[in-house]
Amino acid sequence: MLGGVLAWLRARGEGLGSLGWGKPTRPRALVVGLVIALVYSGFTLASPAFGSSALELSLFKVWGALVGVIGGAVEEIVFRGFVTEQLREVGLGPFGQVAGAAVLFGLIHGGLGLLMGKWFLLPGIILTTLLGLALGWIYLDGDRSLTGPVLSHALINLLIEPWLLLGFVNLSLRR
């Protein structure tokens, strides 16, 4: 995904800065991002499927946290930066931009599984779409800076990504 976005930007003579990378943001967007990250992570870890192994430490979890932080930054470049800006270019207003990017964000986190009949993924897709709405609001409120959404998403993934991976592996094995 990121390679495609970078190629698109290069062809237009633009860089990541045109999507809000490195752009200053409002302090409120950072504070809201921190609150959302902590609430979303707490809610996720409160689930028995994901939080039951939260205190275990392993190399798998360290690797998952690293991949999650990097993946979160890439997803924010793609969804909050690229998709939101493309929706703006085709004439959608702020709500349409945020909603469109959020729905795509939710679907990328399990939509293929739904097509294969794995309906147990639906709650996660809905929650991820809601998170996408919140991250989109942070992006817009922060003057279209990626700083707030990237930091929020990175913190979420640092806190929950290893446990989500283990939880989904366990859920898949049970089904």
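Attention in this report is confined to the structure presented alongside it. Note that the structure is a prediction, hence the values are computed from the model and not measured. Residue numbers run consecutively from 1 along every chain, following the written order of its sequence. Local features are withheld for residues below a pLDDT of 70 in this predicted model, meaning they are given only at 70 or higher, and side-chain atom pairs are given and counted only at 80 or more; totals for whole chains, interfaces and linings count all residues. Side-chain calculation: all heavy atoms of the structure are included, whereas hydrogens and water are not.

Here we look at the overall build of the chain
Item 1. For the chain, the count of helices and strands is 8 helices and 0 strands.
Item 2. Every helix listed is a DSSP run of H or I at least four residues long, and every strand listed is a run of E at least two residues long, numbered separately from the N terminus. Listing the helices and strands of the chain from first to last along the sequence gives α-α-α-α-α-α-α-α.
Item 3. Only protein chains enter the accessibility calculation, which uses a 1.4 Å probe. A residue is then buried if its area is under 20% of the maximum for its type, exposed if over 50%, and partly exposed in between. Here the chain holds 175 residues, and 42% of them are scored as buried.
Item 4. Contacts are assigned to residue pairs with any non-hydrogen atoms lying within 4.5 Å of each other. Long-range contacts, defined here as pairs at least 24 residues apart, represent 76% of the contacts in the chain between residues at least 6 apart.
Item 5. A total accessible area of about 9,400 Å² is found for the chain, and carbon and sulfur atoms account for 73% of it. Computed with a 1.4 Å probe, the accessible areas rest on the Shrake-Rupley method; for each residue, only the protein chains presented here act as cover.

As for the packing of helix α2 (residues 27–45) against helix α7 (residues 122–141)
Item 1. For the pair α2 and α7, the least separation of the axes is 9 Å and the interaxial angle reads 170°. In this view, α2 runs roughly antiparallel relative to α7, as classed from their interaxial angle. In this structure, α2 contributes R28, A29, V32, G33, I36, Y40 and F43 to the contact, and α7 contributes L127, T128, L131, A134, W137, I138 and D141.
Item 2. Residue classes follow a fixed rule: Ala, Val, Leu, Ile, Met, Phe, Trp, Tyr, Cys and Pro count as nonpolar, while Asp, Glu, Lys and Arg count as charged, and any other residue, Gly among them, counts as polar. Here the residues of the contact of α2 with α7 sort into 10 nonpolar, 2 polar and 2 charged. Interaxial angle, 0 to 180 degrees, is taken between N-to-C directions of lines fitted to C-alpha atoms, where a helix line uses only the stretch in contact. For classification, angles of less than 35 degrees are called roughly parallel, those exceeding 145 degrees roughly antiparallel, those between 65 and 115 degrees roughly perpendicular, and all remaining angles oblique.

Comments concerning the side chain of Q97
Item 1. Topologically, Q97 is positioned in helix α5 (residues 94–108).
Item 2. Any pair of nitrogen or oxygen atoms within 3.5 Å is treated as a polar contact; in protein, a donor-acceptor pairing is required on top of that, and neighbouring residues in sequence qualify only through side-chain atoms on both sides. A polar side-chain atom of Q97 sits 2.8 Å from the main-chain carbonyl oxygen of L92.
Item 3. Residues contacting Q97, with those up to four places away along its chain left out, are T84, L87, R88, L92, L140 and R144.

Brief notes about α7
Item 1. Between its first and last C-alpha, α7 extends 29 Å over 20 residues, near the 28 Å set by a 1.5 Å rise per residue.
Item 2. Listed in full, the buried residues belonging to α7 are I125, T128, T129, L131, G132, A134, L135, G136, I138, Y139 and D141.
Item 3. Where α7 terminates, the next one or two residues include D143, which has phi positive at roughly 60°. Any helix carries an expected span of 1.5 Å times its number of residues minus one.

Thoughts on the packing of helix α4 (residues 59–89) against α5
Item 1. At a closest axis distance of 8 Å, the pairing of α4 and α5 adopts a crossing angle of 140°. Taken together, the axes of α4 and α5 are oblique relative to one another. In this structure, the crossing between α4 and α5 has a hand that is right-handed. For the pair α4 and α5, the contacting residues are E75, E76, F79, R80, V83, T84, L87 and R88 in the first and G96, Q97, G100, A101, A102, L104, F105 and I108 in the second. By definition, turning the near helix anticlockwise from the far helix through less than a right angle yields a left-handed crossing, and turning it clockwise yields a right-handed one.

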